[in-house]
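Spelled out, the chains give:
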Amino acid sequence: MSETERYLRVGIVDFNTRRMSDEETSNIPINLRPFVAEKRQYPMKIGDFIPEGVLWIQEGQPWYFREQISDPEKLQRLRDQELLILTGSGMSAYKFQEGQEPADPPEKGDRELLEITEQLIRDHLGKGRWVLGDCFGGQLGIHALGGKVGCLPLNQYGNPVTEAGYLEHELTEAGRQDEVFGGLPDRYFAAHFHNNFVSELPRVGTKVKTSSGEIVVTKADVLAVRNGYLDRDGLKDSDTSYIHAAVIEFDNGAKFYHTQPHVEMSTEQRANFFPRLVFEWLSREEQMGEEYAKQALVIPDEADFSASMVITNFVEAYKKYINMEFVEAVAPAILHELQKYRIE
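In this text the structure is predicted, and so the values were computed from the model without any measurement.

Turning our eyes to something else, we now look at the overall build of the chain. When helices and strands are counted, the chain shows 13 helices and eleven strands. Its C-alpha radius of gyration of 19 Å places the chain within 12% of the 20 Å reference for a compact globule of 344 residues. Its C-alpha atoms give the chain principal-axis dimensions of roughly 60 × 50 × 40 Å. Out of the 344 residues belonging to the chain, those deemed buried represent 55%.

Bringing the pattern of salt bridges into the picture now. All chains considered together, the criterion is met by 23 salt bridges. With a shortest N-O distance of 3.3 Å, R187 and E170 are connected by a salt bridge. Here E170 lies in strand β5 (residues 163–171) and R187 lies in strand β6 (residues 187–194), a separation of 17 residues in the sequence. A residue is classified by how much of its surface remains accessible, and R187, at 46% relative accessible area, is partly exposed.

This part takes up the side chain of S306. For S306, the location among the structural elements is in the loop between α11 (290–296) and α12 (309–322). Side chain to side chain, S306 and D304 meet in a polar contact 2.4 Å long. When residues no more than four places from it in sequence are discounted, the contact partners of S306 are L184, P185 and Y188.

The next thing to look at is α12. Taking 1.5 Å of rise per residue, 14 residues should cover 20 Å, and α12 covers 20 Å from first to last C-alpha, within 8% of that figure. Regarding α12, the residues found buried are V310, I311, T312, F314, V315, A317 and Y318. At its buried positions, α12 is contacted by α2 (42–47), β2 (83–86), β3 (130–134) and β11 (255–259). Among the residues trailing α12, N323 stands out with phi positive, at a value near 50 degrees.

With that out of the way, let us pick up the packing of helix α6 (residues 110–126) against helix α7 (residues 136–144). At a minimum axis distance of 9 Å, the contact between α6 and α7 shows a crossing angle of 75 degrees. Classified by the interaxial angle, the pair formed by α6 and α7 is roughly perpendicular. In this structure, α6 uses L114, T117, E118, I121 and R122 to contact α7, whose residues at the interface are F136, L140, G141, H143 and A144. Residue composition of the contact of α6 with α7, by class: five nonpolar, three polar and two charged.

Rules used throughout
- Residues numbered from 1 in each chain as written.
- Predicted model: local features only at pLDDT ≥ 70, side-chain atom pairs only at ≥ 80, totals over all residues.
- Heavy atoms only, no water.
- Helix = DSSP H or I, 4+ residues; strand = E, 2+ residues; numbered from the N terminus.
- Rg over C-alpha atoms; globule rule 2.2 N^0.38 Å.
- Buried < 20%, exposed > 50% of the residue type's maximum accessible area, 1.4 Å probe, protein only.
- Salt bridge = Lys/Arg side-chain N within 4 Å of Asp/Glu carboxyl O.
- Polar contact = N/O pair within 3.5 Å; in protein donor to acceptor, adjacent residues only side chain to side chain.
- Contact = heavy atoms within 4.5 Å.
- Expected span 1.5 Å × (residues − 1).
- Axes fitted to C-alpha atoms, helices over the stretch in contact; angles between N-to-C directions.
- Parallel < 35°, antiparallel > 145°, perpendicular 65-115°, else oblique.
- Nonpolar A, V, L, I, M, F, W, Y, C, P; charged D, E, K, R; others polar.

In structure tokens:
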């Protein structure tokens, strides 16, 4: 490879703390466990939509944030990627914002790791690169840039409402014009499982300190909304447009994209992945109740599955922006081995 040629590399940071037990991983080879011993397998599902020839998996670089962010060598490899994609999580970005422990149960050191991750996001954008944040990853990134995270109301048992299901969104005019979201229908469906949300974007003119110098927010657009949220008694707060996709642009060409719904789960096969996975928990009276959980399993007849293309569009839009020829990477052998242990 010449000095002017390079691979397009995507670094994925997996924030999901719901890991498999030793018993659940007993049939998985030890060298593969760091990649697939996660009950939602966000990175593998994201990888399905990263264009062929783009390098998104590397042996010796598992995606889990506690392993990547705490290890200086792995963290440096993340810094070297052209693009970053940040996954969802069982952690709470709202609790992190409010100075509380983000994980339940708490894990010592998580706050520091998330603070380092926020600086990683800022530094990546400082280089003029792009980041895509999905659910928790988007909330964390918006917070890192000066925005705010909210939490859905608490029920009578003191637990926040969990919005779950394959739900509809509406593109804004900015969304219809956007190069990543603009190809979606004006009304599109996507997979949900959350109780936190982005409540406020950073303002235009906000200055963000990075390792490459200060960058300035030049645009902060809401790209898609849902009017209200789905409670166990139906739609609530329908007069409020909740942010479900956004883009933050900077004076150096960097962009941060946020999507509240899980676009990697927005396929015909995975549309109800979350309510299937946590049906027992979601059905508990102190959470959302059995009727809500059953309804969350239902995929509407009019549903579409175009939201999954957001990941592909994001990568392709960056390639167009950077205007550089990249060498096509050959998928490492480990990827073939990992396919045997997928959870769909």
